[in-house]
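# Commentary on secondary and tertiary structure
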Amino acid sequence: MNHYYQSEPETCGVKIEKHKHKHKHKHEHEHPHAHEHSHETESSFAPAGDHHDLDYGQGEAGTHAPGISQKRMLQIEMDVLDKNNHLAEHNREDFAAKNILALNLVSSPGSGKTTLLTETLLRLRDKLNCAVIEGDQQTTNDAQRIRETGVPAIQVNTGKGCHLDAQMVHDAVDRLGLDDNSLLFIENVGNLVCPASFDLGERHKVAVLSVTEGEDKPLKYPHMFAASDIMILNKIDLLPYLHFDVEACIANAKRVNPNIQVIKVSATSGEGMEAWLAWLETQLCA
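Residues numbered from 1 in each chain as written. Predicted model: local features only at pLDDT ≥ 70, side-chain atom pairs only at ≥ 80, totals over all residues. Heavy atoms only, no water.

### Looking at the overall build of the chain
Counting secondary structure elements, the chain contains 8 helices and 10 strands. Put simply, the chain has 286 residues, and 50% of those count as buried. Residue pairs in contact within the chain that sit at least 24 positions apart in sequence constitute 70% of those at least 6 positions apart. Roughly 14100 Å² of accessible area belongs to the chain as shown, and the carbon and sulfur atoms make up 49% of that amount. (Helix = DSSP H or I, 4+ residues; strand = E, 2+ residues; numbered from the N terminus. Buried < 20%, exposed > 50% of the residue type's maximum accessible area, 1.4 Å probe, protein only. Contact = heavy atoms within 4.5 Å. Areas by Shrake-Rupley, 256 points an atom, 1.4 Å probe, with all protein chains shown as cover.)

Here it is, written out as structure tokens:
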């Protein structure tokens, strides 16, 4: 199946590449893009700067937009998230009713999460019913890579949007027609900021961090790692060629989220894949 749809800039409609007609599924998605969504994570995770630094993350909304007060931004964010969370809870109830394990994979661009996902599916496809929702701003490249494994995938293109939301996942699930007792991977848009605040109805957020990115990423983007239940430290086959402190990276992640689980993986060499698959098995049995 060659599923593909793209959200429209104003109507948030749905465009199906195959059928060439629009489905006007309204996303209720006001985004004035003051877009560093506030969390309750303490800013003290990051080391203090000197008096020449600027910090626009202060105030009620925890962000900045010219011409919009902190109070107004906070109200807009609360309204948007409330609508999203209501639909996310509906998604979660539907997943629970059908015993579908939904995982939200989040990362920076280039972390290797699509490669990790394809390798995971190749090992699971004959054992479990799997499906994938692929989120990107444009192209169907990643969904096509997934389909080559024989696993059904639907591409959600967000246009200028920097994350998937619960409405997009709801519409994609309707088109996938998931079987009961399935494993659903939702590969979010590559972005460590916006997806942290948007619940999709998943059971867990899975943060994928490549060793090529730097061990301080959890401190730079604390909201995402605070929202994630597990961190996959990917591309560990490259460690001999990099100056990367694995223990410091794990310590930084646990500073942000003391309960986060960490699995070290190389999707290329296969190292750590059994530990990752074992974690998936425990979630399926939970």
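### Some thoughts on a nonpolar patch on the surface
A contiguous nonpolar surface patch, about 300 Å² in accessible area, is contributed by Leu 238, Tyr 241 and Leu 242. Locating Tyr 241 in the fold gives a position in the loop between β9 (230–234) and α7 (246–256). (Patch = residues over 30% accessible without salt bridge, like charges linked within 9 Å, V, L, I, M, F, W, Y side chains within 5 Å. Salt bridge = Lys/Arg side-chain N within 4 Å of Asp/Glu carboxyl O.)

### A few points about the packing of aromatic side chains
According to the stated counting rule, one finds 1 aromatic pair in the structure shown. Judged by centre distance (5.7 Å) and plane angle (10 degrees), the rings of Trp 276 and Trp 279 are stacked. With a gap of 3 residues between them, Trp 276 and Trp 279 both fall in helix α8 (residues 273–285), about one helical turn apart. (Phe/Tyr/Trp six-rings, centres within 6.5 Å; stacked < 30°, edge-to-face > 60°.)

### With respect to the pairing of β9
Burial analysis of β9 places 5 of its 5 residues in the buried class, the great majority of the element. Of the two faces of β9, the one carrying Ile 230, Ile 232 and Asn 234 and the one carrying Met 231 and Leu 233 are both buried. Sheet topology places strand β8 (residues 204–210) next to β9; 5 bridges connect them, and they run parallel. Across the sheet, the residue bridging to Leu 209 is Leu 233, located in β9. Examined bridge by bridge, β9 and strand β10 (residues 261–264) share 4 bridges and lie parallel to one another. Note on β10: the bridge partner recorded for Ile 232 is Ile 263. With α7 bridging β9 and its parallel neighbour β10, the resulting β-α-β unit is right-handed. (Pairing = 2+ DSSP bridges. Right-handed = clockwise from strand over helix to strand, strands pointing away.)

### Here's the deal with the nonpolar core
Ranked by internal contacts, the top residues of the largest apolar core, which has 27 residues, are Leu 103, Phe 185, Ile 232 and Trp 276. Breaking this core down by element, the ones donating at least two residues are β4 (101–107), α2 (113–124), β5 (129–136), α3 (141–147), β7 (182–187), β8, β9 and α8. Sort the elements by how many residues they give to this core and α8 lands first, with 5 residues. (Core = buried A, V, L, I, M, F, W, Y, C linked by side-chain atoms within 4.5 Å.)

### What about the environment of Thr 268?
Mapped onto the elements of the fold, Thr 268 is located in the loop between β10 and α8. Overall, Thr 268 belongs to the exposed group, its relative accessible area being 67%. Placed 156 residues apart in sequence, Thr 268 and Gly 112 show a C-alpha to C-alpha distance of 9.7 Å.

### Quick notes on the side chain of Asp 199
Inspection of the secondary structure puts Asp 199 in the loop between β7 and β8. Accessibility expressed as a relative area gives 18% for Asp 199, which makes it buried.

### With respect to the packing of α2 against α8
The geometry of α2 relative to α8 is characterised by a closest axis approach of 11 Å and an angle of 70 degrees between their N-to-C directions. The angle between α2 and α8 places the two elements in the roughly perpendicular class. In this structure, the crossing between α2 and α8 has a hand that is right-handed. Only Met 273, Glu 274, Trp 276, Leu 277 and Leu 280 of α8 make contact with α2, whose side of the interface consists of Leu 116, Glu 119, Thr 120, Arg 123 and Leu 124. Of the residues contributing to the contact of α2 with α8, the split by class is 6 nonpolar, 1 polar and 3 charged. (Axes fitted to C-alpha atoms, helices over the stretch in contact; angles between N-to-C directions. Parallel < 35°, antiparallel > 145°, perpendicular 65-115°, else oblique. Left-handed = near helix turned anticlockwise from the far one by under 90°. Nonpolar A, V, L, I, M, F, W, Y, C, P; charged D, E, K, R; others polar.)

### Points about the side chain of Thr 114
Structurally, Thr 114 can be placed in helix α2. According to the relative accessible area criterion, Thr 114 is buried, its value standing at 7%. Discounting chain neighbours no more than four positions away, the residues touching Thr 114 are Glu 134, Asp 142, Arg 145 and Glu 187.

### Focus: the pattern of salt bridges
For the structure shown, the criterion picks out 7 salt bridges. Linked by salt bridges that have partners in common, Glu 89, Arg 92 and Asp 199 make up one network.

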